[in-house]
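Coordinate inspection notes
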Amino acid sequence: MSWIELTIRTVSDGIELLCAELTQAGFDSFVIDDQAEFQTFLETAKDYWDYVDDALRAKMQGVSQVRLYLPAEG
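Only a predicted model underlies this, so the values are computations on that prediction, with no experimental measurement involved.

As a rule of thumb, soluble globular proteins bury nonpolar side chains together. Core analysis: the largest hydrophobic core is formed by six residues, namely I15, L18, C19, L22, V66 and L68. Among the elements that take part in this core, helix α1 (residues 15-24) stands out by supplying four residues, more than any other. Apart from the residues lying within four places of it in its own chain, the contact partners of L18 are I8, T10 and V66.

Taken as a whole, this structure holds three salt bridges when the rule is applied. A salt bridge links R67 to D33; its shortest N-O distance comes to 2.8 Å. A residue pair is termed long-range when its members are at least 10 positions apart, and R67 in strand β3 (residues 64-71) and D33 in strand β2 (residues 31-34) qualify at 34 residues. We note that R67, like D33, is buried. Residues K46 and E43 are paired through a salt bridge, measuring 3.3 Å at the closest nitrogen-oxygen approach. Its relative accessible area of 48% is what places K46 among the partly exposed residues. Overlapping salt bridges, with partners in common, bring together E5, D33 and R67 in one network.

What follows covers the sheet that holds strand β1 (residues 3-9). Across the sheet, which stays open at both edges, the three strands sit in the order β1-β3-β2 with antiparallel pairing between neighbours. This sheet does not close on itself; its edge strands, each paired only once, are β1 and β2. With strand direction ignored, the average angle separating the axes of adjacent strands in the sheet is 20°. Strand contacts of α1: β1, β2 and β3, with the helix running at about 20° to β3, the strand carrying the most contacts.

A few words on the side chain of S64. Residue placement: S64 occurs in strand β3. A polar contact of 3.4 Å, which involves the side chain of S64, links it to the side chain of S12. Each residue touching S64, except ones within four places of it in the same chain, is listed here: I8, R9, T10, V11, S12, I15, D33, D34 and Q35.

Basis of the calculations
- Residues numbered from 1 in each chain as written.
- Predicted model: local features only at pLDDT ≥ 70, side-chain atom pairs only at ≥ 80, totals over all residues.
- Heavy atoms only, no water.
- Core = buried A, V, L, I, M, F, W, Y, C linked by side-chain atoms within 4.5 Å.
- Buried < 20%, exposed > 50% of the residue type's maximum accessible area, 1.4 Å probe, protein only.
- Helix = DSSP H or I, 4+ residues; strand = E, 2+ residues; numbered from the N terminus.
- Contact = heavy atoms within 4.5 Å.
- Salt bridge = Lys/Arg side-chain N within 4 Å of Asp/Glu carboxyl O.
- Pairing = 2+ DSSP bridges.
- Axes fitted to C-alpha atoms, helices over the stretch in contact; angles between N-to-C directions.
- Polar contact = N/O pair within 3.5 Å; in protein donor to acceptor, adjacent residues only side chain to side chain.

Written as structure tokens, this is what we have:
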């Protein structure tokens, strides 16, 4: 089966509302990428690593989005 990835960009504070709206519209599976959540994770889990790759940190900079995967017709 083929899938289409749909990315909806928003601000960190808008992710919860966006996910609620998507759930109400019938979507039950999505991926959340949130810079604020990522930063919190890095700060609270420092005991588990010595180093965080700068490329990963840069990749998440300014990212607040929700990704959906929809079946491709055809």
